Amino acid sequence: MSRVVTVPALNEFRLELDVSQELSVRLVEGRAEVNGFELSLNKWSTLKDELRCSIYTWTGCKLEVNGSSLVEYTSNETPLISYLNLHLAFEQQRIRARNAHSQHAPSPEKPNERLPGYANAVDPASSAYRVMVIGQEDSGKSTLSKTLLNYAARTGKGWTPIFVNLDPSDGGPLPPGTLSATAYSTSTQTTSPINAFGSSSTSGAALDNSAALIPQALPYAHASPARNPKVYKVLAEALARRLDMRLERDAKARSSGVFIDTPAAFSSPNVGSDDKSSKYDLIKHALHVFNGGGFPRSMSTADNPQVDVLLVIGHEKLYIEMQRLQSSLDASLAQKLKILKVPKSGGAVETDDAYRSRIQAGQIKSFFYGSMSNLSDEQLSPQSMTIKIDNLKVFKITEDKVAPSSALPIGASRVLENTQLERVNFESSSQLLTLVHSLLYLVKWPDANDVLNKHAKEFEGDLDSKDLIRADLVGFLIVTAIDSTKRTITVLAPSPGRLPSLNAVFGSFEWQDT
Ligand SMILES: Nc1ncnc2c1ncn2[C@@H]1O[C@H](COP(=O)(O)OP(=O)(O)OP(=O)(O)O)[C@@H](O)[C@H]1O
């Protein structure tokens, strides 16, 4: 049954959907937006997959709503004004960065003329802010990151801000278990938590309204950094270096800014280091590695682009702890870092593990099968194929099993274990069976033979976490069956054709059609 909801100016209409509910909404009067994406007048959108969201209006609006939801109410307590103020500050910096670039860029007449003092380097003033968002679980980190990203893309100035997803529990535009950096040139609608950040073009087709997104991504294969902080940190650093390389070449992206979404584990003081006295290690590490260290060495460290703004969502204690932490950072980092407290939305709702698993399963499924949506009924045709087991090399990103120093006997020192990627032994049927239903992350090394052969000799086939630094994530597979007698493995691939690589890593993500 269709109904009209009137939302007063500066209010938000919040809703929460249950598993099987779908709600069609269209804007019939005024203006409204969802997470910074402006709704078109008279265009129906179908909200689904247990979406929780707010439809916000600056001017007042009328919505026609069809279908039922678990929770629906209008609230005038909204953090949107703070979000808009942040956006305006970031926008000013983007404009300054673009002006700096156009003043100092080599002119077409003198293409070889470089900025004085920065031979082979980029002008440090041509970088917009790098913004990192932290907060407790379900505090609204992804929602804030997306809103700021959408506001930037919506200005019509041609910005291409980069969204860095350091939260592997939510793959963003990719399946979960990945860390990625993706440039957005248009704003992204929210109709489902499954494709909240659009879909990568690597899934076979661009879904929903997102232009084909091409993320730079690395495989972590677990949901929380706590599972293996060593591998997580190696990958975060590798992603940061790739981002630097991209930004060095891409002045437009550089002057558009970077938004870094982080997992809730960042806000747990003891995750990331087994040294109890070192708190918030993951935050310190991320601030340190996203400091533009991959930019040319001719640029002095003080000029490196870095995380300039740390947004702490609605948590007084965490905000104060971050101010303390600032004083322990390198002087050059601490000097430029602004730590800001942002109010938490009353709409941000707690989710549970079962909900997260359903959304993760949905993300994996939609990568392979596409998704039926009101925006595009894009269905993909995944391909089942059978491969000889012995053609594959598969490594498990293990959980960090090293006991903390505090658990060792007095006087004992720990022997650090380098190997973090255990080669699956195909001669062992129990090891083979662990692969069934696993999500495999296909990786390719520019120098694959060197990497694999060296380690085959030294570590009996296992790899070191550092070997992931130069690995490119080139695809995903799901293992659907294993025949140990015929020594074959049956996998689901998102599209037909030759597999981009026969080397894969995996961790704790599984999927099966139910
Ligand atoms: N203003 C709002 N109105 C309605 N729902 C909201 C609002 N802000 C956030 N939510 C919902 O609350 C939940 C948590 O928000 P979000 O995913 O942004 O938090 P998070 O901090 O990124 O979570 P995580 O800790 O899992 O990374 C999501 O389901 C989101 O859609």
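Worth saying up front: this structure is predicted, and the values here are computed from it rather than measured. (Residues numbered from 1 in each chain as written. Predicted model: local features only at pLDDT ≥ 70, side-chain atom pairs only at ≥ 80, totals over all residues.)

### Quick notes on the UniProt feature "domain: Clp1 N-terminal" (unreviewed entry) in the protein
Point 1. The feature "domain: Clp1 N-terminal" (unreviewed entry), as annotated in UniProt, sits at residues 7-97 in this numbering.
Point 2. Taken end to end, residues 7-97 is 20% helix and 44% strand, and its first and last C-alpha atoms sit 38 Å apart. (UniProt positions renumbered as here; feature names shortened; annotations may be inferred. Helix = DSSP H or I, 4+ residues; strand = E, 2+ residues; numbered from the N terminus.)

### Details of the site of the ligand
Point 1. Every one of the 21 residues lining the ligand counts as a neighbour, but S54, S142, T143, S345 and G347 are closest to it.
Point 2. For the shell around the ligand, the secondary structure elements donating two or more residues are strand 7 (52-57) and helix 2 (141-154).
Point 3. Its residues placed into classes, the shell around the ligand shows six nonpolar, nine polar and six charged.
Point 4. Looking at which domains feed residues into the shell around the ligand, each of domain 1 (2-75) and domain 2 (80-106 + 120-342) supplies at least three. (Near = placed C-beta within 6 Å. Nonpolar A, V, L, I, M, F, W, Y, C, P; charged D, E, K, R; others polar. Domains from an automatic or database assignment.)

### Digging into the environment of E427
Point 1. Tracing the sequence through the fold places E427 in the loop between strand 21 (419-423) and helix 9 (429-433).
Point 2. Sequence spacing of E427 and R487 is 60 residues, and the spatial spacing of their C-alpha atoms is 9.6 Å.

### Considering the domain arrangement of the protein
Point 1. Under the domain assignment, the protein is made up of domain 1 (2-75), domain 2 (80-106 + 120-342) and domain 3 (381-506).
Point 2. At the interface, 14 residues of domain 1 touch 15 residues of domain 2.
Point 3. Top contributing element to the side of domain 1 that touches domain 2 by residue count: strand 6 (residues 45-47), with three residues.
Point 4. When grouped by side-chain class, the residues that make up the side of domain 1 that touches domain 2 number six nonpolar, four polar and four charged. (Contact = placed C-beta atoms within 7 Å.)

### Brief notes about the sheet that holds strand 8 (residues 61-67)
Point 1. The sheet built from four strands is open, its strands ordered 1-8-3-6 with antiparallel pairing. Looking at which strands have only one partner, the edges of the open sheet turn out to be strand 1 (2-7) and strand 6. Adjacent strand axes in the sheet meet at a mean angle of 30°, parallel and antiparallel pairs treated alike.
Point 2. In terms of strand pairing, strand 3 (residues 23-30) meets strand 6 through three bridges, oriented antiparallel. Note on strand 6: the bridge partner recorded for S24 is T46. (Pairing = 2+ DSSP bridges. Axes fitted to C-alpha atoms, helices over the stretch in contact; angles between N-to-C directions.)

### Some remarks on helix 6 (residues 316-328)
Point 1. Between its first and last C-alpha, helix 6 extends 19 Å over 13 residues, near the 18 Å set by a 1.5 Å rise per residue.
Point 2. Inspection of helix 6 places L318, M322 and L325 among the buried residues, and these make up the whole buried set. Along the axis of helix 6, the buried positions cluster into a sector of 60°, meaning they face one direction only. Those residues of helix 6 that are exposed and aimed more than 90 degrees away from the buried face are E316, K317, Q323, R324 and S327.
Point 3. Close packing links the buried residues of helix 6 with helix 5 (281-289), strand 15 (307-313) and strand 16 (338-342). (Expected span 1.5 Å × (residues − 1). Buried ≥ 20, exposed ≤ 12 C-beta atoms within 10 Å, placed from the backbone. Arc of directions from axis to C-beta.)

### Notes on the nonpolar core
Point 1. In terms of nonpolar packing, the biggest core is built from 118 residues, with V131 and L235 touching the most fellow members.
Point 2. Here the element with the most residues in this core is helix 3 (residues 229-249); it accounts for ten residues.
Point 3. When residues no more than four places from it in sequence are discounted, the contact partners of V131 are F90, L148, G257, V258, F259, I260, V309 and L311. (Core = buried A, V, L, I, M, F, W, Y, C linked by C-beta atoms within 7 Å.)

### Some words on the sheet that holds strand 9 (residues 71-75)
Point 1. Judged by pairing direction, the sheet is antiparallel, and its five strands sit side by side in the order 5-4-7-2-9 without closing on themselves. Pairing within the sheet leaves two strands with one partner each, and these edge strands are strand 5 (37-38) and strand 9.
Point 2. In this structure, strand 2 (residues 11-16) lies alongside strand 9, joined through five bridges in antiparallel fashion. Bridge pairing links E12 to S75 in strand 9.

### Describing the confidence of the model for the protein
Point 1. Confidence in the prediction for the protein averages 85 pLDDT; 82% of positions are at 70 or higher.
Point 2. At the low end of the mean pLDDT range in the protein sits strand 18 (residues 377-379), at 59; at the high end sits strand 4 (residues 33-34), at 98.
Point 3. Counting contacts from residues 204-210, a segment whose pLDDT is below 50, to residues more than four positions away or on other chains yields 32 contacts.
Point 4. This stretch, residues 296-300, has a pLDDT under 50; its non-local contacts, to residues over four places away or in other chains, come to ten contacts.
Point 5. Here the prediction assigns the complex a pTM of 0.89, and the interface score ipTM is 0.98. (pLDDT = per-residue confidence, 0-100.)

### Overview of the packing of helix 3 against helix 5
Point 1. At their nearest, the axes of helix 3 and helix 5 sit 9 Å apart, and the two run at 25° to each other. Classified by the angle between their axes, helix 3 and helix 5 sit roughly parallel to one another. In this structure, the crossing between helix 3 and helix 5 has a hand that is right-handed. Residues K233, A236, E237 and A240 of helix 3 form the contact with helix 5, whose participating residues are H285, A286 and V289.
Point 2. Partitioned by chemical class, the residues of the contact of helix 3 with helix 5 number four nonpolar, one polar and two charged. (Parallel < 35°, antiparallel > 145°, perpendicular 65-115°, else oblique. Left-handed = near helix turned anticlockwise from the far one by under 90°.)

### Some details on the UniProt feature "binding site: ATP" (unreviewed entry) in the protein
Point 1. Mapped onto this structure's residue numbering, the UniProt feature "binding site: ATP" (unreviewed entry) falls at E12, R52, D138, S139, G140, K141, S142 and T143.
Point 2. Assignment of secondary structure puts K141 in helix 2.
Point 3. Classification of K141 as buried rests on a count of 28 C-beta atoms within 10 Å.
Point 4. Among residues more than four places away in sequence, those in contact with K141 are V133, I134, G135, D261, T262 and I313.
Point 5. When residues no more than four places from it in sequence are discounted, the contact partners of T143 are N35 and A348.

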